[in-house]
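These are the residues of each chain, in order.
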Amino acid sequence: MQDITTRSDVLRVEKVDKTFHGGVVALQGLSLDVRTGDFISLLGPSGCGKSTALRLIAGLLSPTSGRITWTGDHGPGDLGVVFQEATLMPWATVAQNVWLPFRLRGVTYNAVKDEVLEALRLVGLEKFQNSYPRELSGGMKMRVSIARAMVTRPRLILMDEPFAALDEITRFRLNNDLLALKEKIGCTVIFVTHSVFESVFLSDRIIVMAARPGRVIRELAVGAPYPRDEAFRTSSDYAAYCREASDALHEAMGEPA
Amino acid sequence: MSLTDSKPIPAPPTDAALLDAEETNRLRRARRDRIGKWTLPIVVLVVMLVIWDRIVVWNDLPHYILPGPGLVFETLIKDWAILFDALLVTVQITLMALAVAVLGGVGLAILFTQSRWMEMSFYPYAVILQVTPIVAIAPLIFIYVDSRIAGLLLCAWLVAFFPVLSNTTLGLNSADHGLRDLFRIYGATRWQRLRYLQLPSALPYFLGGLRIAGGLSLIGAVVAEYVAGTGGIGSGLAFRILEAGYRLNIPRMFAALILIAATGVIIFACLSYLSHMLLRKWHESALKRDG
């Protein structure tokens, strides 16, 4: 235990339960240590409480029991979020959307113009700063959403199935770009997904969860070094990790592997 | 006749050979629709005027029963000085009532969304005020309110504020849930949430309510004038209609009626234009449709 405490320098989740009104147990006994630079995937079937876990960490819900502690010198709230939908403000331009986290801290646009444009450059959308969200494709909207989540360089970025609504080609490209981005700015990510392939490609740790009640059943380490590229996607290592994660997922769903 | 659709259709490509039959048909249909949208109502108008005129002439109707369109137009020109003064009074009341309806409606809507208790306490009474016919309340208002202008304004406001209130309340409550979560995560204050999220989300709803309120405030102003009924200097179009009715000056009644209707149409068109300008960059209702 001592060992873990010293290692988790972002966030500790200790034996967190969440029971909703009517006695639905959404999450049971979730424990998680998040270290700087981690890319953790929460993988599981729907109803396994992975989104609940994310909402607990984001502070949108409070745990029924257990504790969530920010362990670094940064307080809670130093995080960026990407939802399944891009959730952009349709009345605001791309740049204004990315400015939002700063704006809510009372920072004027001019004061952070460089940061906003840099974030847009990192997701490859610097030319679209004055466009409105409706002029963008689904993948581009998601890029704006990612730019908004990282513009303040938060300690932790939470992503809730961000690419689930996109087509496969766009999803692969965004997976690659997300890893490239992580290399560049060294962010820490918790990523919720129901895709085995996505979780293996992106993460260094996969938490496999089961439903009813939502709980962790396996934690897998993906040892492949970053940067990972298309070659990794076709490697035998990748296939083996996918196999392992897939077996765990089948176990989670109560089916023979 | 929404102003959104009046955009010129892009000219068909010069290279007509590249277009297949279906596309050509589609373009032709679009052009026909565009012309028809303006010409057809005009044709209907002309036909109706001719029929009206013929009915009057063939039946030899006296002008105090039914004046012909020519006579109505003549009266409109001849009595322009009287009618225009009255029109200004009515328009003034209407616009003031609309302004107060916007302030009151939006103000109450913000109050309601900020406080559940406020909404629970007062919303039922807003509904009661709305469903009680204004003609029934207006006489009472004129008993208790001394100022005639204030009385008129109050009547028009009572009719007009509700659509602004209910639409704006709906809009303020329909901000995207993902964005609400985002604002919470980023620690937005109540004021920031209202200013940056709820008010912009409510804008399209508010503008819809505003267009209805524009017409209603005119109706409210006219009805109130009927009830108030005092004449002399500073009376509006409704009073002119009443007065002309007593004197069997039917052509002037028609002329005043035309002015009221035209005012309503102009108010609606202005508010539609305002709505289009405010929303054209981002809202679905104002987007140019391709194809």
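Keep in mind the model is a prediction, meaning the values are calculated, not measured.

Enquirer: What's the story with the overall build of chain A in this structure? I'm lost.
Expert: Counting its regular elements, chain A contains nine helices and nine strands. What you see for chain A is a C-alpha radius of gyration of 18 Å, in line with the 18 Å of a compact globule of 257 residues. In terms of principal-axis extent, the alpha carbons of chain A reach across some 50 × 40 × 35 Å. Of all intrachain contacts in chain A linking residues separated by at least 6 positions in sequence, the fraction that spans at least 24 positions is 73%.

Enquirer: What's the story with the nonpolar core in this structure? I'm lost.
Expert: Proteins that are soluble and globular tend to have nonpolar side chains buried together. Judged by nonpolar contacts, the single largest core of 85 residues is most densely connected at Val98(A), Ala147(A), Leu158(A), Ile190(A), Val208(A) and Ala245(A). Each residue touching Val208(A), except ones within four places of it in the same chain, is listed here: Leu43(A), Gly44(A), Ile217(A), Arg218(A), Leu220(A), Ala245(A), Ala248(A), Leu249(A) and Ala252(A). Among the nonpolar cores identified, the runner-up in size contains 53 residues, and Leu83(B), Phe162(B), Phe239(B) and Ile241(B) belong to it.

Enquirer: Sorry, what's going on with the domain arrangement of chain A here?
Expert: It is common to give the size of an interface as the accessible area that goes away when the parts come together. Residue and element names in this part refer to chain A. For chain A, the domain assignment lists domain 1 (35-62 + 72-78 + 155-257) and domain 2 (88-153). Here domain 1 and domain 2 have C-alpha centroids that lie 24 Å from each other. Taken together, the contact pairs 11 residues of domain 1 with seven residues of domain 2. Counting residues per element, the side of domain 1 that touches domain 2 draws most heavily on helix α6 (residues 168-185), which supplies five residues. Looking at the side of domain 1 that touches domain 2 residue by residue, the class counts come to nine nonpolar, one polar and one charged.

Criteria and cut-off values
Residues numbered from 1 in each chain as written. Chains lettered and ligands numbered in written order. Predicted model: local features only at pLDDT ≥ 70, side-chain atom pairs only at ≥ 80, totals over all residues. Helix = DSSP H or I, 4+ residues; strand = E, 2+ residues; numbered from the N terminus. Rg over C-alpha atoms; globule rule 2.2 N^0.38 Å. Contact = placed C-beta atoms within 7 Å. Core = buried A, V, L, I, M, F, W, Y, C linked by C-beta atoms within 7 Å. Buried ≥ 20, exposed ≤ 12 C-beta atoms within 10 Å, placed from the backbone. Domains from an automatic or database assignment. Nonpolar A, V, L, I, M, F, W, Y, C, P; charged D, E, K, R; others polar.

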